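Descriptive analysis of the structure
Here's the letter readout for the chains.
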Amino acid sequence: MNAEVAWGGRWEHPECGASGEAVWDDEDTDASSGHDCRSGGEVTWSAEWECHGCGDGGDDQFDDDTTTCSDHGCDDEDGEVAV
């Protein structure tokens, strides 16, 4: 697990119009809205990640209850990206 990488994103459920935001650690927990709706359809996420060690980042879109992984390798000693 890379505790230096954090995710933040927004979820939406188009069928009922519900939405929300959350922040979580990389590979730590599933991105889960906790939205329980009888309207059907899928909850989707749009999220970004950032490494607090080197400042690198990226974004992704995925379904609810997905474990997110940035696949970012960073050398915490000097902030350089590991190769």
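Throughout what follows, the structure given in this document is the object of discussion.

Analysis parameters
Residues numbered from 1 in each chain as written. Predicted model: local features only at pLDDT ≥ 70, side-chain atom pairs only at ≥ 80, totals over all residues. Heavy atoms only, no water. Helix = DSSP H or I, 4+ residues; strand = E, 2+ residues; numbered from the N terminus. Buried < 20%, exposed > 50% of the residue type's maximum accessible area, 1.4 Å probe, protein only. Pairing = 2+ DSSP bridges. Axes fitted to C-alpha atoms, helices over the stretch in contact; angles between N-to-C directions. Core = buried A, V, L, I, M, F, W, Y, C linked by side-chain atoms within 4.5 Å. Contact = heavy atoms within 4.5 Å. Salt bridge = Lys/Arg side-chain N within 4 Å of Asp/Glu carboxyl O.

Okay, the side chain of His72 next. By secondary structure assignment, the location of His72 is in the segment after β6 (66-67). Classification of His72 as buried rests on a relative accessible area of 10%.

Take the sheet that holds strand β4 (residues 44-51) next. The pairing of strands in a sheet comes from backbone hydrogen bonds and takes either a parallel or an antiparallel form. An order of β2-β1-β4-β5 is seen for the four strands of this open sheet, with the pairing classed as antiparallel. Looking at which strands have only one partner, the edges of the open sheet turn out to be β2 (18-25) and β5 (57-63). Averaged over neighbouring strand pairs, the angle between their axes works out to 15° when direction is ignored. One ladder, built from eight bridges, connects strand β1 (residues 5-13) with β2; its direction is antiparallel. Considered in β2, the bridge of Ala6 is made with Asp25.

The biggest cluster of nonpolar side chains holds 12 residues, and these are Val5, Trp7, Trp11, Trp24, Ala31, Val43, Trp45, Ala47, Trp49, Cys51, Phe62 and Cys74. Elements that contribute at least two residues to this core include exactly β1 and β4. When residues in this core are grouped by element, the largest group, four residues, is from β4. In contact with Val43, other than residues within four places in its own chain, are Trp11, Glu12, His13, Ser33, His35, Asp63 and Asp64.

Within the secondary structure, Gly41 sits in the loop between β3 (30-31) and β4. Judged by relative accessible area, which is 48%, Gly41 ranks as partly exposed. Excluding its chain neighbours within four sequence positions, the residues that come into contact with Gly41 are His13 and Glu15.

Counted by the stated rule, this structure contains two salt bridges. With a closest N to O distance of 3.8 Å, Arg10 and Glu12 form a salt bridge. A salt bridge links Glu21 to Arg10; its shortest N-O distance comes to 3.5 Å. Taken together, the residues span a long stretch of sequence, with Glu21 in strand β2 and Arg10 in strand β1 at a distance of 11 residues. Taking relative accessible area as the criterion, Glu21 reaches 64% and is therefore assigned exposed. For Arg10, a relative accessible area of 36% puts it in the partly exposed group.

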